[in-house]
Amino acid sequence: MENKFIVNMEDNDSFSKFSKRDLEELKSQICHSKLEYRHNVWFNGDVTIGLEIEYENVDKDLVDDYTIMNFPLWNSSYDTTLTNGGEIKSPILTGSPSNWDELQKICLFLEEHDALMNENAGGHIHVGSQILRGNIHYWRQFLKMYMIYEKDLLYFLFGEMKEGRKGLYYYAPPIAKAIYQELDTLNHCTSFEDIFYQVLPKDRNEAINFSNVSVADFIKRLGNTIEFRSPNGTSKAIIWQNNVNTLVKFLLSFVREEIDEEYLDYRLLKEPSIVPCLEDALQFVDMIFENNQDKIYFLKQYMKEFQWDKRMSRGLVKTMF
């Protein structure tokens, strides 16, 4: 009997180039695979992360007491956009095992108290903009790639849900169309400062908030971040980890200088689609990830091929889909 095609997690296959048959086998593998919460998702020393975990249906005073007692560096605060809830803000994170352990325990606390995450709650992720170093080539490629794949990235960032939270299009509307209207300007910019002042959206309440990015220096410091506001809120730590890993690897892909900008320009000869497309998702993971495991984790969340077993979340060592 012929063995089925199985991808090795440690390899780096080009999923977008798979034959139709191999792609069907890949889909089957994704469907039957389990995602384990990882404590070894390390990033390089230039990477900094900040999280804003919004929630509803849990008394904020209870969350205050929990964070002060267990995680004093995390901050529990109000958010006027939420009903009977608030948000938990992280300190600066780097992806260390202790960071992932703290995040998992906080998410478990919210889940055990039946936090409501599918109405107004968002899951904002800040990534230090020093990754792109004020390099005009990195920024130009980032914006071009984002325009093309925004619809796929957003669908992935919906987490376990297939649509955005109720307030998404008010507090974090997509920006690909707005940037596309400035494509000619983007191509004629000669410095990052030009891109910042002439191309980047200025509204803080959009899918990406660029207002905190520093144009004076490109060093790692508090507040100098690109804020991704589109992720849905979730109490599932594995989705937070998947989202963070994807957004950080997205930015790091430009530093590797392997992105084909000519291909991006070809795709941008016409306005990008707003409809998620698996073919584009496969291209996206091939561009940003360097191993099959990251690709499969992304695609499993993108394809919504999981059933959450709440009993599994009780364990703090491994949380799985």
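Structure: see above.
Right, let's walk through the structure included here. Each chain carries its own residue numbering, running from 1 in the written order of its sequence. Selection of residues for local features in this predicted model requires a pLDDT of at least 70, selection of side-chain atom pairs for listing and counting requires 80 or more, and totals for whole chains, interfaces and linings are taken over all residues. Working from all heavy atoms in the structure, the side-chain values ignore hydrogens and water.

**Observations regarding the packing of aromatic side chains**
Note on aromatic pairs: the rings of Phe, Tyr and Trp (six-membered ring only in Trp) are paired at centre separations within 6.5 Å, and the planes decide the class, stacked below 30 degrees, edge-to-face beyond 60, tilted for the rest. Summed over all chains, the structure comprises 23 aromatic pairs. We note K295 situated over the ring of F15; from NZ or CZ to the ring centre the distance is 5.2 Å. Note on geometry: a ring has a charge over it if NZ (lysine) or CZ (arginine) is within 6 Å of the ring centre and within 35 degrees of the ring normal. The positively charged end of K304 is found above the aromatic ring belonging to Y155, 4.7 Å away from the centroid.

**A short note on the pairing of strand β6 (residues 225-228)**
Under the scheme applied here, a residue whose accessible area is under 20% of the maximum for its type counts as buried, over 50% as exposed, and between as partly exposed, the area being computed with a 1.4 Å probe on protein chains only. Numbering of helices and strands starts at the N terminus; helices are DSSP runs of H or I of at least 4 residues and strands are runs of E of at least 2. Residue alternation in β6 divides its side chains into two sets, T225 and E227 and I226 and F228, and both sets are buried. Two elements, strand β4 (residues 123-128) and β6, share 4 bridges in a ladder whose sense is antiparallel. Pairing of H126 across the sheet is with E227, part of β6. What makes two strands pair is DSSP finding at least two bridges between them. Strand direction decides the pairing type here: strand β5 (residues 208-209) and β6, joined by 2 bridges, are antiparallel. Paired with N209 across the two strands is E227, which belongs to β6.

**Examining the environment of K220**
Among the structural elements, K220 can be located in the loop between β5 and β6. Using a relative accessible area of 46% as the deciding quantity, one classes K220 as partly exposed. Sequence separation of K220 and G128 is 92 residues, and the distance between their C-alpha atoms is 6.8 Å. Once residues within four sequence positions are removed from consideration, K220 is found in contact with G45, D46, T48 and Q130. Whether two residues touch is decided by their heavy atoms; if any such pair falls within 4.5 Å, the residues are in contact.

**Some details on the environment of H188**
Following the sequence through the fold, H188 ends up in helix α7 (residues 183-188). A sequence separation of 92 residues divides H188 from S96, and the C-alpha atoms of the two residues are 40 Å apart. A 3.5 Å cut-off defines polar contacts: any pair of N or O atoms within that distance qualifies, except that in protein one atom must be a possible hydrogen donor and the other a possible acceptor, and neighbouring residues in sequence count only when both atoms are side-chain atoms. A distance of 2.8 Å separates a polar side-chain atom of H188 from the backbone oxygen of D184.

**Some words on helix α2 (residues 60-70)**
Residues K60, V63, D64, Y66 and T67 constitute the buried set of α2. Measuring from the side-chain oxygen of the N-cap residue of α2 to the backbone nitrogen of D61 gives 2.8 Å; that N-cap residue is D59.

**Focus on the side chain of N99**
Mapped onto the secondary structure, N99 falls in helix α3 (residues 97-112). Dropping the residues within four chain positions of it, N99 is found in contact with L93 and T94.

**Some thoughts on the packing of α3 against helix α9 (residues 237-255)**
Contact pair α3 / α9: the axes reach a minimum separation of 9 Å and the direction vectors enclose 140°. Relative to α9, the element α3 lies oblique. Contact residues: W100, L103, Q104 and C107 in α3; A237, W240, Q241 and V244 in α9. Asp, Glu, Lys and Arg are counted as charged, while Ala, Val, Leu, Ile, Met, Phe, Trp, Tyr, Cys and Pro are counted as nonpolar; the rest, among them Gly, fall into the polar class. Partitioned by chemical class, the residues of the contact of α3 with α9 number 6 nonpolar, 2 polar and no charged. Every axis in this analysis is a line fitted to C-alpha atoms, fitted for helices over the stretch in contact. Angles between the N-to-C directions lie between 0 and 180 degrees. Note on terminology: angles under 35 degrees are roughly parallel, angles over 145 are roughly antiparallel, angles of 65 to 115 are roughly perpendicular, and the others are oblique.

**Quick notes on unusual backbone geometry**
Its identity is not glycine, yet N57 carries a phi of approximately 75°, on the positive side. Within the secondary structure, N57 sits in the loop between β1 (49-56) and α2. A relative accessible area of 44% means that N57 is categorised as partly exposed. The phi dihedral of D114 is positive, around 55°, even though this residue is not glycine.

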